[in-house]
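# Examining the three-dimensional arrangement
Spelled out from the first residue to the last, the chains are:
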Amino acid sequence: MESSRIPVSALEQALHTARALVLADLAAGEVAAADVVSMVEDSVVQRRWWVEQWPDGMAFLAGLVAQDVQDALLERYGRWPLCPVCGSGDPHALDVEPELGPDPHWVCHQAGVKVAAVGALGAATGGARS
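So, here's what we can say about the structure. Note that this is a predicted model, so its numbers are computed, not measured.

Inspection of every chain in the model, using the stated rule, returns 3 aromatic pairs. Where Trp-50 meets Trp-54, the ring centres are 5.3 Å apart and the plane angle is 75°; that geometry is what we call edge-to-face. Judged by its relative accessible area of 36%, Trp-54 is partly exposed. A centroid spacing of 5.6 Å and a plane angle of 50° characterise the contact between Trp-54 and Phe-60, whose relative ring orientation is tilted. A relative accessible area of 14% means that Phe-60 is categorised as buried. Taken together, Trp-50, Trp-54 and Phe-60 form an aromatic cluster joined through their ring pairs.

This is the structure:
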């Protein structure tokens, strides 16, 4: 076994954390249906392989899984999560920042504000539908 490999337990813990954070945001928006949860699982499988190739990326998993699920939802259903900050104008989705970095947050580029950490949308929206 190569010495540069990540211990399985650290990788699994990071993947479980990313999964839990994204599922919490989906549940806050009441969009955690079975097919949406499958999108999360698909992303986790793909990101497991990705981190095995690039171990330094382990800290970026939560943001990447959130972006993967956001992209998959856009293709099937539409924008998610909708911005809870902007009360007027066209509904728009929040973005994950940094796109590739630790400590990911949902941000509204129109208002120029951080709305919530990935995994904490429920607190920012009061559990309101997103």
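This paragraph deals with the environment of Gln-46. Mapped onto the elements of the fold, Gln-46 is located in helix α2 (residues 34-53). Residues Gln-46 and Ala-111 lie 65 residues apart in sequence; the distance between their C-alpha atoms is 33 Å.

Read from one edge of the open sheet, 3 strands run β1-β2-β3, paired in antiparallel fashion. Edge positions in the open sheet fall to β1 (95-97) and β3 (113-117), since each of these has one partner strand only. When strand polarity is set aside, the average angle formed by the axes of neighbouring strands in this sheet is 40°. Two elements, strand β2 (residues 105-108) and β3, share 4 bridges in a ladder whose sense is antiparallel. Bridging from a neighbouring strand, Cys-108 pairs with Val-113 of β3.

Parameters and conventions
Residues numbered from 1 in each chain as written. Predicted model: local features only at pLDDT ≥ 70, side-chain atom pairs only at ≥ 80, totals over all residues. Heavy atoms only, no water. Phe/Tyr/Trp six-rings, centres within 6.5 Å; stacked < 30°, edge-to-face > 60°. Buried < 20%, exposed > 50% of the residue type's maximum accessible area, 1.4 Å probe, protein only. Helix = DSSP H or I, 4+ residues; strand = E, 2+ residues; numbered from the N terminus. Pairing = 2+ DSSP bridges. Axes fitted to C-alpha atoms, helices over the stretch in contact; angles between N-to-C directions.

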